[in-house]
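# Coordinate inspection notes
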Amino acid sequence: MSEGVEHNRVTRRQFLGFSLAAAGGVITLTPRPGAAQDEKTKDSKTQEPRSAGQPVRWAFLSDTHIAADAENNYRGHYPYRNLEKTFAQIASDLPEGIVVTGDIARLTGQVGDYENFKKLLIPSVGKRPIYLALGNHDQRGNFLDAFETAAGQAQAVKGKHIVTVDAGPARFVLLDSLFLTNETSGLLGKAQRTWLQHYLQTCDDKPVILFFHHSLRDEDGELLDAPRLLDLIQPIAKVKALVYGHSHEYAFSDYKGIHLINLPAVGYSFNDREPLGWVEVRLAGDGGEFVLHAVDGNRAMDSRITPLPWRSR
Ligand SMILES: [Zn+2]
């Protein structure tokens, strides 16, 4: 780790996002000029002007489920191979950055799980910032040890890891719904919801997309405080979409005009109807186009584009 990185380090357990230089996997806090930047270190002198209305491309993925054993598989799906294909596709035309909505690790968030994730990440897409949310199969301590330098701005909520990102025409807020490792249900908790409410009331009117791991249905294994979250954000018009994983199902729905985007898993599915892969997002000020890239599973919907206009202010 370079001296500069040491010097710039915020508190090492305060972030989720990080950026890795391609050569040698050196962790850096300095994304390329024009790339997504965290709000604290943003430097207007190094940021290229972005013409209004020009879409910005991002890669969204979820549930990579990488194990320490690269041959680990489930229902005939090999998460390591699927992530390798996913990163190769992303690397062929690098987006601004990457967001992963949790379950990076196979089951219990082992050190070797995260090592394998980084082994695939660094040489392929490590030039771009990547922002990671925790899922119920991640382990907070091991995760933060593995991804210890931030590109996003960490937010202080005790025991939760929250990052905000200036993503061009939108602001991303990565929330932390990990409750107990290897238990299915998730929880944001009151402190995080209170933080979110304050944050949303005080940030400017740029469209906000919230990211977290857990899905929102009324089941014991999903986000337990989903109704409270939805009540909180519904009146705040700048919140345009929620993006999450967990179900290993690719689905779009809506809550009173707020888009609910359930990303497919990368690693494996629970049934043969579902695609496995990632979603390329073309973000503009008034909405986004979501393009499925299926690398495994049901590939019938590969390349399907779903346009989503944002609700009005
Ligand atoms: Zn999962």
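Look up a bit, the structure's there.
Criteria and cut-off values
- Residues numbered from 1 in each chain as written.
- Predicted model: local features only at pLDDT ≥ 70, side-chain atom pairs only at ≥ 80, totals over all residues.
- Heavy atoms only, no water.
- Salt bridge = Lys/Arg side-chain N within 4 Å of Asp/Glu carboxyl O.
- Helix = DSSP H or I, 4+ residues; strand = E, 2+ residues; numbered from the N terminus.
- Donors = N, O, S within 2.8 Å, 3.2 Å for Na, K, Ca; no water.
- Tetrahedral: all angles 85-135°; square planar, octahedral: opposite > 155°, others 65-115°.
- Buried < 20%, exposed > 50% of the residue type's maximum accessible area, 1.4 Å probe, protein only.
- Phe/Tyr/Trp six-rings, centres within 6.5 Å; stacked < 30°, edge-to-face > 60°.
- Axes fitted to C-alpha atoms, helices over the stretch in contact; angles between N-to-C directions.
- Parallel < 35°, antiparallel > 145°, perpendicular 65-115°, else oblique.
- Left-handed = near helix turned anticlockwise from the far one by under 90°.
- Contact = heavy atoms within 4.5 Å.
- Nonpolar A, V, L, I, M, F, W, Y, C, P; charged D, E, K, R; others polar.

## A look at the pattern of salt bridges
Evaluation of the coordinates by the stated rule reveals 12 salt bridges. For Asp 93, the salt bridge identified is with Arg 57, shortest N-O distance 3.6 Å. You can see Asp 93 sitting in the loop between helix H2 (79-91) and strand E5 (97-101) and its partner Arg 57 sitting in strand E4 (residues 56-61), a full 36 residues away along the chain. The partner of Asp 176 in a salt bridge is Arg 140, with the nearest N and O atoms 2.9 Å apart. On the criterion of sequence distance, the pair formed by Asp 176 in the loop between strand E9 (171-174) and helix H5 (190-202) and Arg 140 in helix H4 (residues 140-146) is long-range, its members being 36 residues apart.

## Considerations on the coordination of the zinc ion
Surrounding the zinc ion are the protein donor atoms Asp 63 (OD), His 65 (NE2), Asp 103 (OD) and His 248 (NE2), which sit 2.1 to 2.5 Å from the metal. Considering all 4 donor atoms around the zinc ion, angles at the metal cover 87 to 174° and the coordination shape is irregular. Along the chain, the residues donating to the zinc ion are arranged with the sequence spacing D-x1-H-x37-D-x144-H. Judged on exposure class, the residue Asp 63 and its partner His 65 are both buried.

## Notes on the packing of aromatic side chains
For the structure on display, the rule yields 18 aromatic pairs. Between Trp 58 and Tyr 131, the ring centres sit 6.1 Å apart and the planes meet at 40°, which makes this aromatic pair tilted. Of this pair, Trp 58 sits in strand E4 while Tyr 131 sits in strand E6 (residues 129-133), and the two are 73 residues apart along the sequence. Take Trp 58 and Tyr 131: they sit in the same class, and that class is buried.

## Some remarks on the environment of Gly 76
For Gly 76, the position within the fold is in the loop between E4 and H2. Look at Gly 76 and you get exposed, because its relative accessible area is 55%. Along the chain, Gly 76 and Ser 269 lie 193 residues apart, while their C-alpha atoms are 9.5 Å from each other.

## Looking at the packing of H2 against helix H3 (residues 111-125)
H3 packs onto H2 with a crossing angle of 20° between their chain directions and a minimal axis gap of 9 Å. Considering their axes alone, H2 and H3 lie roughly parallel with respect to each other. Here the hand of the crossing between H2 and H3 comes out right-handed. Contacts between H2 and H3 involve Tyr 80, Leu 83, Glu 84, Phe 87, Ile 90 and Ala 91 from the former and Asn 116, Phe 117, Lys 119, Leu 120, Leu 121, Ser 124 and Val 125 from the latter. For the contact of H2 with H3, the residue count by class is 9 nonpolar, 2 polar and 2 charged.

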